[in-house]
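Descriptive analysis of the structure
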Amino acid sequence: MKINMRKIKDLTFRALIYTSAAFSVLLLMGIILYVFIKGIGVVDWQFLTSVTSVLKGTVGIAGNIVNTVLIVLITMLVAVPIGVGSAIYLNEYAKSGRLVTIIEYATETLAGIPSIIFGLFGMMFFGEKLGLGFSLLTGSLTLIILVLPLITRNTQEALKTVPDTYRNGSIGLGSGKWHMIRTVLLPSAMPGIITGAILAVGRIVGESAALLFTAGSAKILPATFGGLLNKPFQSGGTLTIQMYLSATSEGDFDTAFGIAVVLLVIVFGINLGTKALTRHFDVTRED
Amino acid sequence: MRKNAIIEKTAQAILTICAVVAIFAVCAITLYMFIKGAPALKEVGVLDLLFGTIWKPTASTPSYGIWYIILASVISTGAAILIGVPIGLLTAVFLSEISGRKLGGIVGSAVELLAATPSVIYGLIGMMVLNPLMFKLEKAVFAGDASHQFTGGANMLSAIFVLAIMILPTVISVCTSSLKAVSDNLRAASLALGATKEQTIFKAVIPAAKSGILTGVVLGIGRALGEAMAINMVAGGAVNIPLPFNSVRTLTTQIVSEMGYASGTHRQVLFTVGLVLYLFIMIVNFILLRARKAGVARED
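Being a predicted model, the structure only gives us computed values, none of them experimental. (Residues numbered from 1 in each chain as written. Chains lettered and ligands numbered in written order. Predicted model: local features only at pLDDT ≥ 70, side-chain atom pairs only at ≥ 80, totals over all residues. Heavy atoms only, no water.)

1. Examining the overall build of chain B
Looking only at helices and strands, chain B has 12 helices and two strands in total. Written out in order from the N terminus, the α and β elements of chain B read α-α-β-β-α-α-α-α-α-α-α-α-α-α. Each of the three principal axes of chain B carries a C-alpha extent, and together these read 75 × 70 × 30 Å. Each of the 300 residues in chain B was classed as buried or not, and the buried ones make up 53%. Of the roughly 13,500 Å² that chain B leaves accessible, carbon and sulfur atoms contribute 67%. Side chains of chain B give 22 positive and 13 negative charges; the mean places of these two sets differ by 6 Å. (Helix = DSSP H or I, 4+ residues; strand = E, 2+ residues; numbered from the N terminus. Buried < 20%, exposed > 50% of the residue type's maximum accessible area, 1.4 Å probe, protein only. Areas by Shrake-Rupley, 256 points an atom, 1.4 Å probe, with all protein chains shown as cover. Lys, Arg positive; Asp, Glu negative; His and termini not counted. Charge placed at Lys NZ, Arg CZ, Asp CG, Glu CD.)

This is the structure:
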């Protein structure tokens, strides 16, 4: 009798475990299927290359794509050097002490702050205090601090996997420390650094709360090259922001689902890409 | 040779500056949250603002009580944790203790992709799928009740479910790695004493991974408290007592939905809402660092 109870209990636990695991897979499949069924019909060449205009009768997200690309470029251009530099300092130069503890504490704290707080800060500091207003630049500056911890941490992990023999060998041959870092360490850690950078791009593409009050929501496509150069100083909504507005204030669910399809393709592509990259360069893999 | 020495020194200086950026960022954010968030506390009064229950910022005699907003954040986060953590922990058990490489790979990839899905997409699907379901439930529960204000499904229950789903990837990945870190000796010893696999998991492995699991829970709390857009899309648009079938505003959604047009005291109060959220998050971060430290100390 007691053994039977035990068996029933064990089976129940096992059933619960399997159900929970299946839930994640079904949830993901459900999301993908639902979004694609609702949105794939909207996505065509015109949707991707034109701008929504009542006058011309077109619905499109080209302006938002340009905004997203610009924000990603500006943010990464600044965030990657700072993040990588910070990781090199923490891993190679700093002797563990007070400063390192504070820097690591600060990085952890930044990673835990929600995007809406970054958005508020960006609006108050970059937008109002520095007078940049609603602009792609304000948005990018805000996102730089937001993705910084992600890049720093991934680079630190990558640097930790480079064996010390590389460092000693290079220094032993008479190389200076920075020379060693530049020519030996960084190339060896490059796959990890790139993985971190790509993950940061994914984070930027999916970000919304930090951009709503910093980059704004304009969707006009710059007409000339000069206009494109000037674009960072103007308001611009990314794909994610446009999706939010389409689904809420504009009530245009077709566009919302169309953008959702594009977002899922980009974000999932990025994730699968980094996974392939990691696997390709993983020297510790078993198979 | 001298030139090299200069390059070395410059490189070190620049790298140090890069590292200090994070400190500056945290200090600047903290400073700004306090500078902008504090004035309204003085203007409206600490008690009236934090514990007031009437939110009428645009009335002729405006009232700025955010107590229900604070409560809505705390309750929806708590409920999301109660739903999400058991599912997440069990999935983690599956990934670390039961699945083979192939099946585990599929579930693991699904979890990673769920983590990468932008929050607005969760919000959109919540609006289209969850809200109608909740509306049906609401109509069934409150049939014939004239005093209930119907929400069309945009209520706290929807917010809780969306949050519970959104914290899953975080909880699963942290729990999985802490379960995997448990020494195999422990499993072998438990099995050798005659315990079944399930007994081993629940009586030996999970207790041993306690501090890691706790870290996952705290991370989940931080994520749920800070989520803004998805909740804003499914939770309705009115400040109410946080009951399951009421439309609610949380700390985050209050900022998202009113910052665009607020001015004067109303705007300052929204900054205070931001400050309250920031303080909550700082407490969560502090607990997190302590939990991590405890975990590291135990491993040594």
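2. Things to note about the environment of glutamine 156 of chain A
Residue and element names in this part refer to chain A. By secondary structure assignment, the location of glutamine 156 is in helix α6 (residues 136–161). Judged by relative accessible area, which is 9%, glutamine 156 ranks as buried. Not counting the four nearest positions on each side in its chain, glutamine 156 is found in contact with Ala87, Leu90, Asn91 and Glu104. For glutamine 156, the side chain forms a polar contact with the side chain of glutamate 104, separated by 3.5 Å. (Contact = heavy atoms within 4.5 Å. Polar contact = N/O pair within 3.5 Å; in protein donor to acceptor, adjacent residues only side chain to side chain.)

3. Points about the environment of methionine 166 of chain B
All names here are of chain B. In this fold, methionine 166 is placed in helix α6 (residues 156–180). A sequence separation of 52 residues divides methionine 166 from leucine 114, and the C-alpha atoms of the two residues are 8.0 Å apart. If we skip the residues at most four places from it in the chain, methionine 166 touches Ser119, Tyr122, Arg223, Glu227 and Ala230.

4. Considerations on the confidence of the model for chain B
Do not read the fine detail of predicted coordinates wherever pLDDT is low. Averaged over every residue, the pLDDT of chain B is 89; the share at 70 or more is 98%. For chain B, helix α12 (residues 264–299) of chain B is the element with the lowest average pLDDT, namely 86, and helix α3 (residues 67–98) of chain B is the one with the highest, namely 94. (pLDDT = per-residue confidence, 0-100.)

5. Describing the domain arrangement of chain A
Residues and elements named next belong to chain A. Per the domain assignment, the segments of chain A are domain 1 (1–39) and domain 2 (45–281). The C-alpha centroid of domain 2 is placed 35 Å from the C-alpha centroid of domain 1. Every contact between the two is made by seven residues of domain 1 and, on the other side, seven residues of domain 2. Interface area for domain 1 against domain 2, summed over the two sides, is near 610 Å², with a carbon-plus-sulfur share of 92%. Considering only the surface of domain 1 that becomes buried against domain 2, Val35, Phe36 and Gly39 emerge as the three largest contributors, covering 59% of it. Applying the counting rule to domain 1 against domain 2 returns zero salt bridges. At the junction of domain 1 and domain 2, the tally comes to zero residue pairs in polar contact (both at pLDDT 80 or more). Here the residues of the side of domain 1 that touches domain 2 sort into five nonpolar, one polar and one charged. (Domains from an automatic or database assignment. Buried area = accessible area lost by both parts, 1.4 Å probe. Salt bridge = Lys/Arg side-chain N within 4 Å of Asp/Glu carboxyl O. Nonpolar A, V, L, I, M, F, W, Y, C, P; charged D, E, K, R; others polar.)

6. A closer look at the packing of aromatic side chains
Inspection of the entire model under this criterion finds 11 aromatic pairs over all chains. Judged by centre distance (5.4 Å) and plane angle (70°), the ring pair of tyrosine 18 of chain A and phenylalanine 94 of chain B falls under edge-to-face. Placement of tyrosine 18 of chain A in helix α1 (residues 2–39) and of phenylalanine 94 of chain B in helix α3 is noted, with the two residues assigned to different chains. Judged by relative accessible area, phenylalanine 94 of chain B falls into the buried class, the value being 2%. Residues phenylalanine 121 of chain A and phenylalanine 125 of chain A carry aromatic rings whose centres are separated by 5.4 Å and whose planes lie at 5° to one another, so their mutual orientation is stacked. A residue pair is termed a helical-turn pair when its members lie 3 or 4 positions apart in one helix, as phenylalanine 121 of chain A and phenylalanine 125 of chain A do in helix α5 (residues 115–129) at four residues. Residue classification places phenylalanine 125 of chain A among the partly exposed positions, given a relative accessible area of 24%. Here the aromatic cluster, defined as three or more aromatic residues joined through ring pairs, consists of Phe121, Phe125 and Phe126 of chain A together with Tyr32 of chain B. Directly above the aromatic system of tyrosine 93 of chain A lies the positively charged group of lysine 177 of chain A, at a separation of 4.8 Å from the ring centroid. (Phe/Tyr/Trp six-rings, centres within 6.5 Å; stacked < 30°, edge-to-face > 60°. Lys NZ or Arg CZ within 6 Å of the ring centre and 35° of its normal.)

7. With respect to the interface of chain B and chain A
Contacts between the two partners involve 73 residues from chain B, matched on the other side by 75 residues from chain A. Together chain B and chain A conceal approximately 6,800 Å² of surface at their shared face, both sides included; 79% is due to carbon and sulfur atoms. The interface formed by chain B and chain A contains two salt bridges. A salt bridge links arginine 267 of chain B to glutamate 128 of chain A; its shortest N-O distance comes to 2.6 Å. Our count for the chain B to chain A interface comes out at 10 residue pairs in polar contact (both at pLDDT 80 or more). Considering every element that reaches the side of chain B that touches chain A, the biggest residue donor is helix α1 (residues 2–44) of chain B, with 18 residues. In terms of residue class, the side of chain B that touches chain A is built from 51 nonpolar, 14 polar and eight charged.

8. Focus on a nonpolar patch on the surface
A cluster of nonpolar residues, Tyr105 of chain A together with Ile283, Phe286 and Ile287 of chain B, forms a patch on the protein surface that exposes about 400 Å² of accessible area. The element that contributes the greatest number of residues to the nonpolar patch is α12 of chain B, accounting for three residues. Counting through the fold element by element, tyrosine 105 of chain A comes out in helix α4 (residues 98–112). (Patch = residues over 30% accessible without salt bridge, like charges linked within 9 Å, V, L, I, M, F, W, Y side chains within 5 Å.)

9. Some details on the pattern of salt bridges
Residues and elements named next belong to chain A. A complete count under the given rule lists 10 salt bridges over all chains for this structure. For arginine 6, the salt bridge identified is with aspartate 10, shortest N-O distance 3.5 Å. Here aspartate 10 and arginine 6 lie together in helix α1, a separation of four residues that amounts to about one turn. Here arginine 6 falls in the partly exposed class, since its relative accessible area comes to 23%.

10. Things to note about the nonpolar core
Membership of the largest hydrophobic core comes to 170 residues, with the highest contact counts inside it found for Leu110 and Met243 of chain A together with Ile29, Ile66 and Ile121 of chain B. Of the residues that make up this core, three or more belong to each of domain 1 (1–39) and domain 2 (45–281) of chain A. Not counting residues up to four positions away in its chain, the partners in contact with isoleucine 29 of chain B are Leu110, Ile113, Ile117, Phe118 and Phe121 of chain A together with Tyr278 of chain B. (Core = buried A, V, L, I, M, F, W, Y, C linked by side-chain atoms within 4.5 Å.)

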